[in-house]
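The lines below spell out each chain.
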Amino acid sequence: MTHHTFWRRTLMAGAAVAMPLSAQAATQVPVEARSKAILTVDGLQFRDLDGDGKLTPYEDWRLSPEARADDLLARMTIEEKAGQMMHGTLPGKGGALGQGDGYDLDAVGPMLRDKHISSYITRLSVKPAVMAEQSNAVQAMAEQGRLGIPVTISADPRNHFDHVLGAAESARGVSIWPELIGFGALGDVARVRTFARIASAEYRAVGIQEALSPQVDLASEPRWSRITGTFGADPALASVMGGAYVSGFQGGDHGLTRDGVMTVVKHWVGYGALPNGFDSHNYYGRVAKLTTAQLQMHIAAFKGALDAGSAGIMPTYPIISGPVIDGKPVEPVGAGYSKVLLHDLLRGKLGYKGIILSDWAITLDCDTRCSAPTAQAPQRPQDISTDWGVNDLTVQQRYALGIAAGIDQFGGTEDTGPLLSAIHAGLITTSRIDESVRRVLIAKFEQGLFDDPYVDPARAEALIATPANHALGAQTQREAQVLLTNHGLLPAKGKKVWLVGVDPKVAQAAGLTVTDTPEGADFALIRAETPSEMLHPDSFFGSRQKEGRLDFRDGDAAYEALKKARAAHVPAVLSIFLDRPAILTNVQDKTGAILANFGADDAAVIDVVLGKATARGHLPFELPSSMKAVEAQDPAVPDDSAQPLFKRGFGIVLK
């Protein structure tokens, strides 16, 4: 195997310049090939991706992404085009749903070679250098294809604390920040943009070019399990924050740039309005109910991200029941199949031009283990499906319906056969297929993947270890906390602390002495999450998501610890991770201070408790006063519970 590399040094403040003699006509871009030749034309370098020894228009980086995409599209077979409309999963060695310590390249080969799929989600959690090497291995295999179409590798959010398989990822070595809801609490638009630029650079360094984020859904139902991925309950704030996120990740205010990471804004639209907060990954949460006016409020949260030119958008899972758009009721099918929501509203009325990527598993069959799992037959990864409203259609018909609605790529599947059958049967026109494939190819050209899809493992390791980036993430963890109550306890003055849910070593490193019991301690520090119940233990996602109650009750570990501290006459700090809006009515009298966070490690919490850092956040949603109030509120309307204990925007900032 040959390995060719070309690069240039850019003219920077008197720096030396190395470039071809004919660079007057064009400025050389980075070019790298590992199996195909590199052509020299007019003193410039280009990859010979089709291997014909000549410069084909789609290989010519001097042309526009649109012109290159049109040329390549005309050279593709229908099978190659069908592959571009799948967004699969890179298989991991020995792990479920793509997990493992590396990719199973033997399994990747047929997906690239036979099915022609060139977009995949990664679920690896390995060191940066290893991640980069694995990305390069996949790109090298793709380069060997007939047309050398590079792979786009996507990822769920990787720089936060919350981790639910299939909805968010963890990654080794990256800078760690609060959840997006923490950015909503901090309310600092510039910080969101800075975070996005840092995370984008970390993604590209390891070979990831697509972010399956941000989630700009409104946090309108307090029991919903995915609130941490949103910016909160205010449509205006979600809009401006979403716009900053997209601009930071993509590298500009008006769309995708060569060094940027394409964003896939989600979930279009109304995802937060789920009765009981039951998530629509699950059969029992497959319907969201909104009025037309309520839907407009949820749509408003997407404005900033759309204005910033997000290259991708992902329809939501549930059936959106109730709204009427320009006289047309939204169809009783999952949003990925809704022509009213996608073609008429998003593309037509709002003029969206980017890629519409379906959420995962909408074409798969929801069998009994999906719709009615039991302890004896629980839902497994292979039983995951979200075919809401189309269960009576064949997979072939689902592809046809989704594409007619506006889908460009189908997430979580590598099944090209039914799509090809639908095309051959005349259910989908080739011109419609070309529309979608063209959008997918343009994004690859915009990012320079056809010229150089490879990354440097050593550079990845160094960039991701950048101390300033980690320091800013840690600072944001501290600042995004919200001080809800303080009865003279904070900043804590004593040195002896009783801990619950906190690593003693971290406390000792901060200069504290840890006691075994509350008796004799100067104060207690108790960490907790918003209370929950496991109401659907046999469902794959139901067993992993927060559901049910939000209030503290006897028997809850944190609540029992608070009672124990009060009995010992020791003032307690309750540090609570508000993954959902907790009910703190019966907690206030048992605490000396309540400190909320939205993703913070023990050191970040302790620094705020000791006054070494200041919590500057304000609640991004209201905190209800009772479960009765929660049950009476409208899931589609944010901040509408009766007599909330703390209103959205509340927060004490100590001077």
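Just above sits the structure.
Residues numbered from 1 in each chain as written. Predicted model: local features only at pLDDT ≥ 70, side-chain atom pairs only at ≥ 80, totals over all residues. Heavy atoms only, no water.

Is there a simple way to think about the overall build of the chain in this case?
A count of helices and strands for the chain gives 20 helices and 24 strands. Its C-alpha atoms give the chain principal-axis dimensions of roughly 80 × 60 × 45 Å. When the 655 residues of the chain are sorted by exposure, 59% land in the buried category. Partitioning the intrachain contacts of the chain with sequence separation of at least 6 by distance along the chain shows that 72% fall at a separation of at least 24. With the model as given, the accessible surface of the chain reaches about 23800 Å², and the carbon-plus-sulfur share is 53%. Looking at charge distribution, the chain has the averaged site of its 63 positive side-chain charges lying 3 Å from that of its 74 negative ones. (Helix = DSSP H or I, 4+ residues; strand = E, 2+ residues; numbered from the N terminus. Buried < 20%, exposed > 50% of the residue type's maximum accessible area, 1.4 Å probe, protein only. Contact = heavy atoms within 4.5 Å. Areas by Shrake-Rupley, 256 points an atom, 1.4 Å probe, with all protein chains shown as cover. Lys, Arg positive; Asp, Glu negative; His and termini not counted. Charge placed at Lys NZ, Arg CZ, Asp CG, Glu CD.)

Where do I start with the packing of helix 6 (residues 189-205) against helix 15 (residues 457-464) in this structure?
Two packed helices can be described by the angle between their axes and the distance between those axes. Interhelical geometry of helix 6 versus helix 15 gives an angle of 155° and a closest axis separation of 9 Å. Considering their axes alone, helix 6 and helix 15 lie roughly antiparallel with respect to each other. Note that helix 6 runs across helix 15; the crossing there is left-handed. Along its contact with helix 6, which presents A201, E202 and A205, the element helix 15 presents R459, A460, L463 and I464. Counted by class, the contact of helix 6 with helix 15 contains five nonpolar, no polar and two charged residues. (Axes fitted to C-alpha atoms, helices over the stretch in contact; angles between N-to-C directions. Parallel < 35°, antiparallel > 145°, perpendicular 65-115°, else oblique. Left-handed = near helix turned anticlockwise from the far one by under 90°. Nonpolar A, V, L, I, M, F, W, Y, C, P; charged D, E, K, R; others polar.)

Can you walk me through the state of the cysteines in this structure?
As used in these notes, a disulfide is a covalent bond between sulfur atoms, one from each of two cysteines. Per the counting criterion, the structure on display carries one disulfide. The partner cysteine of C366 in its disulfide is C370, sulfur to sulfur 2.0 Å. For the disulfide bridge between C366 and C370, the dihedral angle about the S-S bond is near -95°, and by the sign convention the bridge is left-handed. The two residues C366 and C370 agree in class, both being buried. (Disulfide = S-S within 2.5 Å.)

Is there a simple way to think about the sheet that holds strand 8 (residues 119-121) in this case?
On the basis of which strands lie adjacent, the closed barrel formed by eight strands has the order 5-8-9-10-11-13-17-18 and parallel pairing. For strand 8 and strand 9 (residues 152-155), the ladder comprises three bridges, and the chain directions are parallel. Following the sheet pairing, I121 is matched in strand 9 by S154. Its contacts with the sheet place helix 14 (residues 430-446) against strand 8, strand 9, strand 11 (262-268), strand 17 (355-360) and strand 18 (409-411), and it is angled at close to 100° to strand 17. (Pairing = 2+ DSSP bridges.)

I'm lost on the sheet that holds strand 20 (residues 496-500) in this one. Help?
Pairing between the strands of a sheet is mediated by backbone hydrogen bonds and can be parallel or antiparallel. As summarised here, the arrangement of the six strands in space is 19-24-23-22-20-21, forming an open sheet in which the pairing is mixed. Of all the strands in the sheet, just strand 19 (482-486) and strand 21 (513-515) have a single pairing partner and so form its edges. Direction aside, the axes of adjacent strands within the sheet are offset by 25° on average. Bridge count between strand 22 (residues 523-529) and strand 23 (residues 572-577): six bridges; the pairing is parallel.

Looking at this model, I keep getting lost on the nonpolar core. Mind explaining?
Nonpolar side chains in soluble globular proteins generally cluster together in the buried interior. Core analysis: the biggest nonpolar cluster contains 152 residues, and W268, L419 and L584 have the highest contact counts within it. When neighbours within four sequence positions are excluded, L584 is seen to be in contact with L484, F552, L574, I576, I594, L623, L645 and F646. Among the nonpolar cores identified, the runner-up in size contains 24 residues, and L483, L595, L610 and A615 belong to it. (Core = buried A, V, L, I, M, F, W, Y, C linked by side-chain atoms within 4.5 Å.)

Can you help me understand the packing of aromatic side chains in this one?
All told, the structure shown has 19 aromatic pairs when counted by the stated rule. Pairing W268 with F302 gives two aromatic rings, centres 5.1 Å apart and planes at 85°, and the pair type is edge-to-face. Of the two residues, W268 is situated in strand 11 and F302 in the loop between helix 8 (292-300) and helix 9 (303-307); the sequence distance between them amounts to 34 residues. Grouping aromatic residues by their ring pairs yields a cluster made of W177, F183, F195, Y203, Y245 and F249. Lying over the aromatic face of Y454, R34 brings its terminal NZ or CZ to 4.2 Å of the ring centre. Just above the ring of F540 sits the side chain of R544; from NZ or CZ to the centre is 3.8 Å. (Phe/Tyr/Trp six-rings, centres within 6.5 Å; stacked < 30°, edge-to-face > 60°. Lys NZ or Arg CZ within 6 Å of the ring centre and 35° of its normal.)

Where do I start with the packing of helix 3 (residues 105-113) against helix 4 (residues 128-143) in this structure?
Following both chains from N to C, one finds helix 3 and helix 4 inclined at 35°, their axes separated by 10 Å at the closest point. The chirality of how helix 3 crosses helix 4 is right-handed. Facing helix 3, whose interface residues are L105, V108, G109 and L112, helix 4 presents A137, V138, M141 and A142. For the contact of helix 3 with helix 4, the per-class residue count stands at seven nonpolar, one polar and no charged.

Just to check I follow, could you spell out the pattern of salt bridges for this structure?
Applying the stated rule across the entire model yields 36 salt bridges. A salt bridge links E143 to R47, with the shortest nitrogen-to-oxygen separation between them at 3.0 Å. Linking E143 in helix 4 with R47 in strand 4 (residues 44-47), this pair joins segments that are 96 residues apart in sequence. Classification of E143 as buried rests on a relative accessible area of 1%. Of the residues examined, R47 reaches a relative accessible area of 3% and is grouped as buried. Measuring nitrogen to oxygen at the nearest pair gives 3.6 Å for the salt bridge that ties D114 to R113. Bridged by salt links that share partners, the residues R347, D408, R432 and R439 form one connected network. (Salt bridge = Lys/Arg side-chain N within 4 Å of Asp/Glu carboxyl O.)

Would you explain the pairing of strand 7 (residues 100-103) in this entry?
The side chains of a regular strand alternate, first on one face of the sheet and then on the other. As defined by bridge partners, strand 6 (residues 92-94) adjoins strand 7 across two bridges and the pair is classed as antiparallel. What sits directly across from G92, in strand 7, is Y103. Joining the antiparallel neighbours strand 6 and strand 7 is a turn of five residues, in which L97 adopts a positive phi near 55°.

Help me understand the pairing of strand 20, please; the structure alone is not making it clear to me.
Where strand 20 and strand 21 come together, three bridges link them in parallel fashion. The residue of strand 21 that forms the bridge with K496 is T513. In terms of handedness, the path from strand 20 via helix 17 (residues 504-509) over to strand 21 forms a crossover that is right-handed. (Right-handed = clockwise from strand over helix to strand, strands pointing away.)

What exactly am I supposed to notice about the side chain of E479 here?
Relative to the helices and strands, E479 resides in helix 16 (residues 467-479). Here E479 falls in the buried class, since its relative accessible area comes to 14%. E479 has contacts with L186, R191, T614, A615, R616 and G617, leaving out every residue within four places of it along the chain.

Please clarify how the environment of L105 should be interpreted in this entry.
One can find L105 in helix 3. For L105, a relative accessible area of 30% gives the class partly exposed. Distance from L105 to G336, taken between C-alpha atoms, is 31 Å for residues 231 residues apart in sequence. Look past the residues within four positions of L105 in its chain and what remains in contact with it is A137, V138 and M141.

Would you explain unusual backbone geometry in this entry?
Glycine aside, a negative phi is what most residues show, and trans is what most peptide bonds show. With an omega of 5°, the peptide bond between K266 and H267 qualifies as cis. Residue P491 follows L490 across a cis peptide bond; omega there is 0°. Locating P491 in the fold gives a position in the loop between strand 19 and strand 20. Of note in this structure, H569 is not a glycine but carries a positive phi near 60°. Tracing the backbone shows H569 in the loop between helix 18 (557-567) and strand 23. Even without being glycine, D639 reaches a positive phi, approximately 55°. Within the element layout of this structure, D639 appears in the segment after helix 20 (627-632).

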